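Single-letter residue listing:
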Amino acid sequence: MVLDHDTELSLQAAAVLANSALPPDTLERVEDLDRFWQRFGYTGRRDGDAAELAAVRALRPLLRELLTSERDRAAELVNDVLARCGAVPRLVRHGAVDWHVHAVGSTEPLDVRVLVETAMAVLELVRLDEVSRLSTCADDGCDGVVVDLSRNRSRRYCSTTCANRNAVSAYRARRSAARAGGGPQGPPAGR
């Protein structure tokens, strides 16, 4: 599956925003939104105030729904978002990024641009029948959104933290089973 850079970035940004609502909340201050803005290379209008932060925070449940819905429901949500936001796809070029699609103008509020860009990215996954690339974390104690853009569809965890926690747990379970079954209990003795 080949997605353009903008689509991949929009999906990853939406997952970060959706997951920021999980404990501990990682989008509580305008400075947190500043880091998000810079990390994902957003352009256009930026108010940088508490109202903008509140509007972006309010998006998180809808972003989560967009990223975790079955294909038909995702298509409905995409169509609703694009119609509600008055999206009109257009080709744009800015900075070092060549022609790509934006569906709302750069003067729209950040929350509207994030929502529409996410909807356009999910639109591509629906169109390509690749919505299965979006899921929730395989960690039993986590409900984070996972965007799997890997070639072999191997991403199962929302973060390195969840992946590491599960790897350590699996390692300990193997070690415990080996000890209980009389298997190796440690490294072999040196010569």
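Residues numbered from 1 in each chain as written. Predicted model: local features only at pLDDT ≥ 70, side-chain atom pairs only at ≥ 80, totals over all residues. Heavy atoms only, no water.

(A) Structural view of the nonpolar core. Leu11, Tyr42, Leu63 and Leu67 are the most contacted members of the largest nonpolar core, which has 40 residues in total. Contributions of two or more residues to this core are made by helix 1 (5-19), helix 2 (30-39), helix 3 (50-68), helix 4 (71-84), helix 5 (110-127) and strand 4 (145-147). In terms of residue count, helix 5 provides more of this core than any other element does, ten residues in total. Among residues more than four places away in sequence, those in contact with Leu63 are Ala14, Leu17, Ala18, Val114, Leu115 and Thr118. (Core = buried A, V, L, I, M, F, W, Y, C linked by side-chain atoms within 4.5 Å. Buried < 20%, exposed > 50% of the residue type's maximum accessible area, 1.4 Å probe, protein only. Helix = DSSP H or I, 4+ residues; strand = E, 2+ residues; numbered from the N terminus. Contact = heavy atoms within 4.5 Å.)

(B) Layout of the packing of aromatic side chains. Enumeration according to the criterion identifies three aromatic pairs in this entry. Relative to Phe40, the ring of Phe36 has its centre 5.2 Å away and its plane inclined at 50 degrees; by these criteria the two rings are tilted. Under the relative-accessibility criterion, Phe40 is labelled buried at 7%. By way of ring pairs, the aromatic residues Phe36, Trp37, Phe40 and Tyr42 are connected into one cluster. (Phe/Tyr/Trp six-rings, centres within 6.5 Å; stacked < 30°, edge-to-face > 60°.)

(C) Quick look at the environment of Leu3. With respect to the helices and strands, the residue Leu3 is situated in the segment before helix 1. Among all residues touching Leu3, those that are not within four sequence positions of it are Glu8, Leu11, Glu124, Leu125, Leu128 and Leu149.

(D) Quick look at the pattern of salt bridges. Enumeration according to the criterion identifies 17 salt bridges in this entry. A salt bridge links Arg60 to Asp25, with the shortest nitrogen-to-oxygen separation between them at 3.1 Å. Of this pair, Arg60 sits in helix 3 while Asp25 sits in the loop between helix 1 and helix 2; the two residues are 35 residues apart in sequence, bridging distant segments of the chain. Overall, Arg60 belongs to the buried group, its relative accessible area being 7%. (Salt bridge = Lys/Arg side-chain N within 4 Å of Asp/Glu carboxyl O.)

(E) A look at the pairing of strand 2 (residues 97-102). Across four bridges, the pairing between strand 1 (residues 90-94) and strand 2 is antiparallel. What sits directly across from Val92, in strand 2, is His100. As consecutive antiparallel partners, strand 1 and strand 2 are separated by two residues, and within that stretch Gly95 has a phi angle of approximately 55 degrees, a positive value. (Pairing = 2+ DSSP bridges.)

(F) Spotlight on the environment of Cys85. Relative to the elements of secondary structure, Cys85 occurs in the loop between helix 4 and strand 1. Excluding its chain neighbours within four sequence positions, the residues that come into contact with Cys85 are Val104, Val112, Leu115 and Val116.

Read these as layout, nothing more, since geometry by itself doesn't imply function.
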